[in-house]
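Fold and contact review
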Amino acid sequence: MKWIAIPTIAAALTACGGSEPEPAAAPPCPAVKMGQLDVDGLARTYRVFAPTSLEAGSRPPLVLVLGGVGNSAENMVSATEFDRAASVGNFVVAYPEAIDLAWNAGFCCASGTTSGINDVDFLSRLIDELVDDYGIDPAQV
């Protein structure tokens, strides 16, 4: 059975930039994208996973995964396994990064509450960008 995985990997690599032309309806490659938004002069980063099984023109849901105090976006990727769930459930998942690993939640969260960081604006702008980039259904965020 191990010999079956090798052609599958080779086919996947070819579809993401090999010498063969990519079909017009192919999903975007790669499935993982790192992004950045400028919010109030701060570079705010995020990670997005979009399953390659999403059909062109579909209006997938979006799940935002916010880490708790001290958890980075990458920590949340491995802790939650939402990438795997998104592949099965055909939704897009985004992992925004909090400044100093703390969100400005108003009553908790270490430096996030005293720094004046506008996390609401960051998350709103991130949603808007992902709606545009991935055709997310805004009613399913």
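Residues numbered from 1 in each chain as written. Predicted model: local features only at pLDDT ≥ 70, side-chain atom pairs only at ≥ 80, totals over all residues. Heavy atoms only, no water.

**Quick look at the overall build of the protein chain**
Selection rule: Strands are runs of DSSP state E lasting at least two residues, helices are runs of H or I lasting at least four, and both sets are numbered from the N terminus onward. Each residue is placed in one exposure class: buried if its accessible area under a 1.4 Å probe, protein chains only, is under 20% of its type's maximum, exposed if it is over 50%, and partly exposed if it falls in between. Only heavy atoms matter for contacts: two residues are in contact if any of them lie within 4.5 Å across the pair. Accessible areas in this description were obtained via Shrake-Rupley with a 1.4 Å probe; residue shielding takes into account the shown protein chains only.
Looking only at helices and strands, the protein chain has four helices and four strands in total. Along the protein chain, helices and strands appear, N-terminal first, in the series α-β-β-β-α-α-β-α. Residue burial in the protein chain is summarised as follows: out of 141 residues, 32% are buried. Taking as baseline every contact in the protein chain between residues at least 6 positions apart, the subset at least 24 positions apart corresponds to 63%. Carbon and sulfur atoms form 59% of the exposed surface of the protein chain, whose accessible area is close to 8,300 Å².

**Here we look at the side chain of Arg47**
As a reminder of what qualifies: Pairs of N or O atoms are called polar contacts if they sit within 3.5 Å, as long as, within protein, a hydrogen donor faces a hydrogen acceptor (for residues adjacent in sequence, only side-chain-to-side-chain pairs).
Summarising the element assignment, Arg47 is placed in strand 2 (residues 42-49). Of note is the side chain of Arg47, whose polar atom sits 3.4 Å from the side chain of Glu74. Every residue in contact with Arg47, bar those within four places of it in the chain, is listed here: Val32, Lys33, Met34, Glu74, Val77, Asp83, Val93, Ala94 and Tyr95.

**A word on the environment of Ala56**
Within the fold, Ala56 resides in the loop between strand 2 and strand 3 (62-64). A residue is classified by how much of its surface remains accessible, and Ala56, at 61% relative accessible area, is exposed. A sequence separation of 79 residues divides Ala56 from Gly135, and the C-alpha atoms of the two residues are 9.1 Å apart.

**Considering the confidence of the model for the protein chain**
This is how the line gets drawn: By definition, pLDDT measures how confident the predictor is in each residue, and it falls between 0 and 100.
When pLDDT is averaged along the protein chain, the result is 77, and 72% of the positions lie at 70 or above. Of all the helices and strands in the protein chain, helix 1 (residues 2-15) carries the lowest mean pLDDT, 35, while strand 3 carries the highest, 96. Predicted confidence for residues 1-29 stays below pLDDT 50, and this span has ten contacts to residues more than four positions away or in other chains.

**Things to note about the pairing of strand 4 (residues 92-96)**
The line we're drawing: Two strands pair if DSSP finds at least two bridges between them.
For strand 4, the tally of buried residues reaches five of five residues, placing the bulk of the element in the interior. Of the two faces of strand 4, the one carrying Val92, Ala94 and Pro96 and the one carrying Val93 and Tyr95 are both buried. The pairing of strand 2 with strand 4 spans four bridges and is classified as antiparallel. Bridge pairing in strand 4 places Phe49 opposite Val93.

**Some words on unusual backbone geometry**
The residue Asp40 is not glycine, and still its phi comes out positive at about 55 degrees. Note on placement: Asp40 falls in the loop between strand 1 (32-39) and strand 2. Assessed through its relative accessible area of 59%, Asp40 is described here as exposed. One non-glycine residue with positive phi stands out, namely Leu101, at about 55 degrees. Along the polypeptide, Leu101 turns up in the loop between strand 4 and helix 4 (119-134). The partly exposed category is assigned to Leu101, whose relative accessible area is 29%.

**Describing the sheet that holds strand 4**
Going by this rule: Note on geometry: axes are C-alpha line fits, over the in-contact stretch for helices, and angles between N-to-C directions span 0 to 180 degrees.
The strand order across the open sheet formed by four strands is 1-2-4-3, and the pairing between neighbours is mixed. Lying at the two open borders of the sheet, with one neighbouring strand each, are strand 1 and strand 3. Looking at each pair of strands side by side, their axes are set apart by 25 degrees on average, direction ignored. Docked against the sheet, helix 3 (residues 82-89) engages strand 2, strand 3 and strand 4, running at close to 160 degrees with respect to strand 4.

**Focus: the pairing of strand 2**
The side chains of a regular strand alternate, residue by residue, between the two faces of the sheet. Looking at chain direction, strand 1 and strand 2 are connected through eight bridges and run antiparallel. Along strand 2, the bridge assignment pairs Leu37 with Arg44. Remark: two residues form the turn of the hairpin made by strand 1 and strand 2, two consecutive strands paired antiparallel; Asp40 in that turn has positive phi of roughly 55 degrees.

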